[in-house]
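Coordinate inspection notes
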Amino acid sequence: YAAAIHRQAGRVESIVSELLAVTRLEAGREELVIEPVDTTVLARSVVNSMEPLARDHGVTLVVEGEEGEARIRGDVRKLERVVENLVANAIKYSPPGATVTVDVQRTGDRAVLSVTDTGYGIAAKDAPHVFEKFYRAKNQHTQAVAGTGLGLAIVKLIVEAHGGEVTLRSAVGQGST
């Protein structure tokens with residue numbers, strides 16, 4: 001019983017932490033600690049830390065992009081959270097044998113980080129809502145995955161706090177970027 005209580009307490013703590021993060025970001029009360037960031041180095045670091053999760057799901061992780069090519073100024077910890085949330089979703093919503101690719105490029109004066117999976121994809125009716133708080137698409141693949149529907153809302157708020165934008169391209173049965 002103690003182990004079950006401990007697991008559930010951890011889950012509740014995680015939910016409360018996500019709710020607080022969303023509330024602070026929406027209120028503009030989450031301060032950004034701005035410093036130089038090499039987004040390729042950041043992406044490689046996050047992907048390395050997520051290898052065990054990917055291995056458990058039978059998913060291959062790949063990082064593309066040259067170090068030093070896409071430097072920006074931003075909050076490293078919050079940007080790590082963005083990449084973690086995107087990669088975790090890509091892993092969770094991909095079948096065994098899938099590949100998740102994190103690609104970092106420079107486009108003009110912007111760094112563009114894309115997380116592409118070869119997973120289940122997102123239906124066109126759900127796509128406009130995936131970055132909304134508490135939204136979770138309802139289908140056979142999402143029912144098996146635990147979540148609060150806050151991860152992608154947090155991604156959007158952090159990216160926008162950095163002056164960026166987040167977009168989605170997806171096709172059912174082909175994956176998402």
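Since this is a predicted model, take the numbers as computed values, not measurements.

**A word on the overall build of the protein chain**
Scanning the protein chain for helices and strands turns up 4 helices and 7 strands. Going from the N terminus to the C terminus, the protein chain shows its helices and strands as α-β-α-β-β-α-β-β-α-β-β. Residues counted as buried form 35% of the 177 residues belonging to the protein chain. Considering only contacts in the protein chain between residues 6 or more positions apart, those separated by 24 or more positions represent 72%. Carbon together with sulfur atoms contributes 52% to the accessible area of the protein chain, which is approximately 10300 Å² in total.

**Some points on the pattern of salt bridges**
Using the criterion set out here, one finds 6 salt bridges in the structure. Two residues, Glu80 and Arg77, come together in a salt bridge whose shortest N-O distance is 3.1 Å. Of this pair, Glu80 and Arg77 both sit in helix H3 (residues 76-92), 3 residues apart, which is roughly one turn of that helix. Between Asp126 and Lys125 there is a salt bridge whose closest N-O contact spans 3.5 Å. Judged by its relative accessible area of 4%, Asp126 falls in the buried class.

**Remarks on the packing of H3 against helix H4 (residues 151-161)**
Where H3 meets H4, the closest approach of the two axes is 9 Å, and the angle between their N-to-C directions is 145 degrees. In this structure, H3 meets H4 at a crossing whose hand is left-handed. Taking contact as the criterion, the partners of Lys78, Leu79, Arg81, Val82, Asn85, Leu86 and Asn89 in H3 are, on H4, Gly151, Leu152, Ile154, Val155, Ile158 and Val159. Each residue belonging to the contact of H3 with H4 can be placed in one class, and the counts come to 8 nonpolar, 3 polar and 2 charged.

**Re the sheet that holds strand S2 (residues 60-64)**
The 3 strands lie next to each other as S2-S4-S5, forming an open sheet whose pairing is mixed. With one partner strand each, in any of the chains shown, S2 and strand S5 (110-117) form the two edges of the open sheet. Across the sheet, the axes of successive neighbouring strands diverge by a mean angle of 15 degrees, strand direction being ignored. Pairing geometry for strand S4 (residues 99-107) and S5, over 8 bridges, is antiparallel. In the sheet register, Asp103 faces S5, and the bridge partner there is Ser114. Docked against the sheet, helix H2 (residues 39-57) engages S2, S4 and S5, running at close to 175 degrees with respect to S2. Against the sheet, H3 engages S2, S4 and S5, with an angle of about 20 degrees to S5.

**Focus on the confidence of the model for the protein chain**
For the protein chain, mean pLDDT is 86; residues scoring 70 or higher make up 88% of the total. Between the elements of the protein chain, mean pLDDT differs from a low of 72, seen in helix H1 (residues 2-27), to a high of 96, seen in S2.

About the thresholds
Residues numbered from 1 in each chain as written. Predicted model: local features only at pLDDT ≥ 70, side-chain atom pairs only at ≥ 80, totals over all residues. Heavy atoms only, no water. Helix = DSSP H or I, 4+ residues; strand = E, 2+ residues; numbered from the N terminus. Buried < 20%, exposed > 50% of the residue type's maximum accessible area, 1.4 Å probe, protein only. Contact = heavy atoms within 4.5 Å. Areas by Shrake-Rupley, 256 points an atom, 1.4 Å probe, with all protein chains shown as cover. Salt bridge = Lys/Arg side-chain N within 4 Å of Asp/Glu carboxyl O. Axes fitted to C-alpha atoms, helices over the stretch in contact; angles between N-to-C directions. Left-handed = near helix turned anticlockwise from the far one by under 90°. Nonpolar A, V, L, I, M, F, W, Y, C, P; charged D, E, K, R; others polar. Pairing = 2+ DSSP bridges. pLDDT = per-residue confidence, 0-100.

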